[in-house]
Amino acid sequence: MAAAMAESTAATKEYEMEEVQKHNTEEDCWLVIGGKVYDVTTYLPEHPGGADIMLGSTGYDATDDFEDVGHSTSAREEMEKFCIGKFKGDKVDKPKPKATVLEKNKDEGSPIAWVFPLAVVVLALLYKYFFNWN
């Protein structure tokens, strides 16, 4: 009876992303998957993909990450043990990785991709013209 009561309480408790985002360490890890909030802290050492995979999915809605892996039915059943409530609020997407300076300048359509080599050629021709009169 007490277990059913605790499960019922967990199912009705609602969490916003602001609260979930506070739980993003190995000592305290929560995930949002499929509209539910899971406290997976005790499962981190057992996760077949490693703790880092789960820790990398904190702070946003990890449903897409979870589904992309193709978890088994038994994994889906197992995770229900860690459900602590429902997710309340708007979906927060996975943050995009920040581009490095090299990646920003890598765009072949960028003027720097053709202006710099052109300037080098023009300067070389001007040097030859002005300093090599022969």
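To keep things clear, this report deals only with the structure shown in the data block.

Conventions adopted
Every chain's residues receive numbers from 1 upward, in the order its sequence appears when written. The model is predicted, so local features are restricted to residues of pLDDT at least 70 and side-chain atom pairs to those at 80 or more, both for listing and for counting; the totals for chains, interfaces and linings are taken over all residues. With hydrogens and water set aside, each side-chain value is computed from the structure's full complement of heavy atoms. Relative accessibility decides the category of a residue: with a 1.4 Å probe and only protein chains considered, values under 20% of the type maximum give buried, values over 50% give exposed, and everything between is partly exposed. Helix numbering and strand numbering both begin at the N terminus, where a helix is a DSSP run of H or I of at least 4 residues and a strand a DSSP run of E of at least 2. Any two strands with at least two DSSP-identified bridges between them are counted as paired. Here, nonpolar core means buried Ala, Val, Leu, Ile, Met, Phe, Trp, Tyr and Cys residues that are tied together by side-chain atoms lying within 4.5 Å of each other. By the convention used here, residues are in contact when the closest approach between their heavy atoms is within 4.5 Å.

**As for the pairing of strand 5 (residues 83-87)**
Move 1: Counting buried residues along strand 5, four of its five residues qualify, which places the element largely inside the surrounding structure.
Move 2: Both strand 1 (residues 14-15) and strand 5 contribute to a ladder of two bridges, which runs parallel. Residue pairing for strand 5: E14 is matched across the bridge by K86.
Move 3: Direction of pairing for strand 4 (residues 36-39) relative to strand 5: antiparallel, over a ladder of three bridges. Within strand 5, the residue paired with K36 across the bridge is K86.

**Focus: the nonpolar core**
Move 1: I33, Y38, V40, L44 and M54 are the most contacted members of the largest nonpolar core, which has 15 residues in total.
Move 2: Within the residue set of this core, elements represented by two or more residues are strand 3 (28-33) and helix 3 (51-55).
Move 3: Among residues more than four places away in sequence, those in contact with M54 are C29, L31, V40, Y43, L44 and H47.
Move 4: Judged by nonpolar contacts, the second largest core, of eight residues, contains V20, W30, V37 and I84.

Keep in mind that these numbers describe shape and distance, not what the molecule does.
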